[in-house]
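Listed here are the chains, written in short residue letters.
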Amino acid sequence: MKTLLYVLTIFGLTVGTKLIEIAYNLGLGFLIRRTNLYKITKANLAAVFTNRSKNEIQKLTDESCRETLVSFFESAYSWGHGPQKTSFHVNKVVNRYLYSQESEHNPRLCFSFHNRSIDFLLSWLLVQSQSTTMYKPIKLQSFDEFIKKHRSYNNSFPVEASLMGVRQMLKDIKSNKTINVASDQVPQRKLGTESYFFGRKCYSTTIVSSLAKKMNNLPIMVHVSKPNKSMYSIVFTLSSPLIKLDDGHNYMNQLFEAEISKNPKEYSWEYKKFRRIEENKDLYNF
C-alpha cells in the first residue's frame, strides 16, 4: 500500500496540486458536480453563508471541491512518503511557542478541524512528539490497519473515537501525555451534544471540553493552511478558559468558525456536518 501511494505521488505536492487544478478545469469539475461530494459541499456552504448569492455559493463550491481533491492528494502523499518527509514541506509555524512550551508536568491537548489534509497536519505533529491520537475507523480493514500504522509513528498511539478511546485519552491526560483530536466532525451518539456551527444547529463532540477540565493548562487549537501555491503553514491558537465550561463545545466551534471564515475553500465541507438534528433532516435530500 505504501509503495503504491509513493509511486502515485512521486512527482510531489506542487506538481500534483497543479495537475489536479488543470484536470478540474478541463472536465473533472464537470464530473464532480454530479457527485454527492459536490452536492453536500454546496448544501453546507449555502446553509452557513446565507448572505452570499447563488453565484457566489456556486463559485465557492467549485473552489472547495477542487481543494478537497488536493487534500486527498496531500493525504496520499503523507501516507506514501511518511511523516518525516511530509513534515519537511511545512514552511512556517505560527505561534510555535504554544506547542514548544514545557509539558513535562502538564499534558498537551491539541484540537483541530479538517482544514486541508488532516494526515498532513498529523504527520508534522507526530514528528514533533509521541502522541495519543483519536481516529475514526475505516470500513476497509486492510486500509484501516495501514492508516493506524501510519499514525503510530514515533511510538504514538491511535485510539478509536469511541467511549473506550475517550477513556484512554483521559488516562493519558493524567499521565501528562500529548493528545491530538480532530474535533469538528459529527461524533457517535452519546459522545456529543447539540451545538451551533455558523449559527446553525449541529451535533458536536464534547471530548475537548471534557479533557480540558482535567488539565491545569489550556488546550491549543492547530490547523494546516496553504497561504500560497507552494507554502504550507501550521497555525497554533491558544484557547481561553471558556473551553472548560459546560458549553465549551460552543466556544470550540466559534474558534473553528473564525479560522474557517478567513479562507472557507480550505475547509472540508464534503461531510454531512448538520445531520442528527431534526430540523436539518431535509438538508441533504438530493
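The structure this text deals with has already been given above.
All of these numbers come straight from a predicted model, not from anything done at the bench.

A short note on a positive patch on the surface
- A grouping of Lys136, Lys139, Arg189 and Arg276 is seen on the molecular surface, where their side chains present a positively charged patch.
- Mapping lysine 136 onto the fold places it in the loop between β3 (131–135) and α7 (141–150).
- You can call lysine 136 exposed: its relative accessible area is 58%.

Brief notes about the packing of helix α3 (residues 36–48) against helix α4 (residues 54–87)
- Two elements in contact, α3 and α4, have axes separated by 9 Å at closest approach and are oriented at 130 degrees. By the angle between their directions, the pair α3 and α4 is classed as oblique. As for how α3 packs across α4, the hand of that crossing is right-handed. Only Ile57, Gln58, Leu60, Thr61, Asp62, Ser64, Cys65, Thr68 and Phe72 of α4 make contact with α3, whose side of the interface consists of Leu37, Tyr38, Thr41, Lys42, Leu45 and Ala46.
- Among the residues making up the contact of α3 with α4, the classes are represented as 8 nonpolar, 5 polar and 2 charged.

Section: α3
- With 13 residues, α3 should reach 18 Å at 1.5 Å per residue; the first-to-last C-alpha distance of 18 Å fits that figure.
- Looking only at α3, the buried set comprises Leu37, Tyr38, Ile40, Thr41, Ala43, Asn44, Leu45, Ala47 and Val48.
- Along its buried surface, α3 packs onto α2 (13–32), α4, β6 (192–197) and β7 (200–205).

Remarks on the nonpolar core
- In this structure, Met169, Phe197 and Trp269 are the most contacted members of the largest nonpolar core, which totals 41 residues.
- Elements represented by at least two residues in this core include exactly α3, α4, β2 (108–112), α8 (163–174), β5 (178–182), α9 (207–212) and α10 (248–260).
- In this structure methionine 169 touches Thr132, Met134, Val159, Ile179, Val181, Ile207 and Leu211, once residues within four positions along its chain are discounted.

Examining the layout of surface pockets
- Estimates place the volume of the largest pocket at around 1200 Å³.
- Every residue lining the largest pocket is counted, 43 residues in all, and those nearest its centre are His114, Ile118, Lys136, Arg151 and Gln185.
- At the level of secondary structure, the elements contributing two or more residues to the lining of the largest pocket comprise α4, β2, α6 (118–128), β3 and β5.
- Partitioned by chemical class, the residues of the lining of the largest pocket number 21 nonpolar, 12 polar and 10 charged.

Procedures and definitions
Residue positions within a chain follow its written sequence, with the count starting from 1. A pLDDT threshold of at least 70 governs which residues receive local features in this predicted model, and a stricter bar of 80 or more applies before side-chain atom pairs are shown or counted, although totals over entire chains, interfaces and linings include all residues. Only hydrogens and water are set aside; all other atoms, that is, all heavy atoms of the structure, feed into the side-chain values. To count toward a patch, a residue needs a relative accessible area above 30% and no salt bridge. Like charges then connect within 9 Å, nonpolar side chains (Val, Leu, Ile, Met, Phe, Trp, Tyr) within 5 Å. Reported accessibility uses the Shrake-Rupley method at a 1.4 Å probe radius. Residues are deemed covered only where the shown protein chains occlude them. When a carboxyl oxygen of Asp or Glu is within 4 Å of a side-chain nitrogen of Lys or Arg, the pair counts as a salt bridge. Only four residue types enter the charge count: Lys and Arg as positive, Asp and Glu as negative, with His and the chain ends excluded. One atom stands in for each charge, and that atom is NZ of Lys, CZ of Arg, CG of Asp or CD of Glu. Strands are runs of DSSP state E lasting at least two residues, helices are runs of H or I lasting at least four, and both sets are numbered from the N terminus onward. Only protein chains enter the accessibility calculation, which uses a 1.4 Å probe; a residue is then buried when its area is under 20% of its type maximum, exposed when over 50%, and partly exposed in between. All axes are obtained by fitting lines to C-alpha atoms, using only the stretch in contact for helices, and the reported angles, taken between N-to-C directions, cover 0 to 180 degrees. For classification purposes, angles smaller than 35 degrees are called roughly parallel, those larger than 145 roughly antiparallel, those between 65 and 115 roughly perpendicular, and all remaining angles oblique. Helix crossings fall into two classes, left-handed where the near helix is turned counterclockwise from the far one by less than a right angle and right-handed where it is turned clockwise. Contact definition: two residues touch when any of their heavy atoms are within 4.5 Å. Residues were grouped as follows: Ala, Val, Leu, Ile, Met, Phe, Trp, Tyr, Cys and Pro as nonpolar; Asp, Glu, Lys and Arg as charged; and all remaining residues, including Gly, as polar. Here, expected helix span is obtained from the residue count minus one, scaled by 1.5 Å. Residues belong to one nonpolar core when they are buried, are Ala, Val, Leu, Ile, Met, Phe, Trp, Tyr or Cys, and are joined through side-chain atoms within 4.5 Å. Cavities and pockets were defined on a 1 Å grid built over protein atoms only: a cavity is a set of grid points that admits a 1.4 Å probe from which the probe cannot escape, a pocket is an open set flanked by protein on both sides within 12 Å along at least five of seven lines, and lining residues are those with an atom within 4 Å of any such point. Grid points are joined across faces, edges and corners, and a volume is the space filled by probe spheres set on the points.

By themselves, these observations are geometric and do not establish any function.
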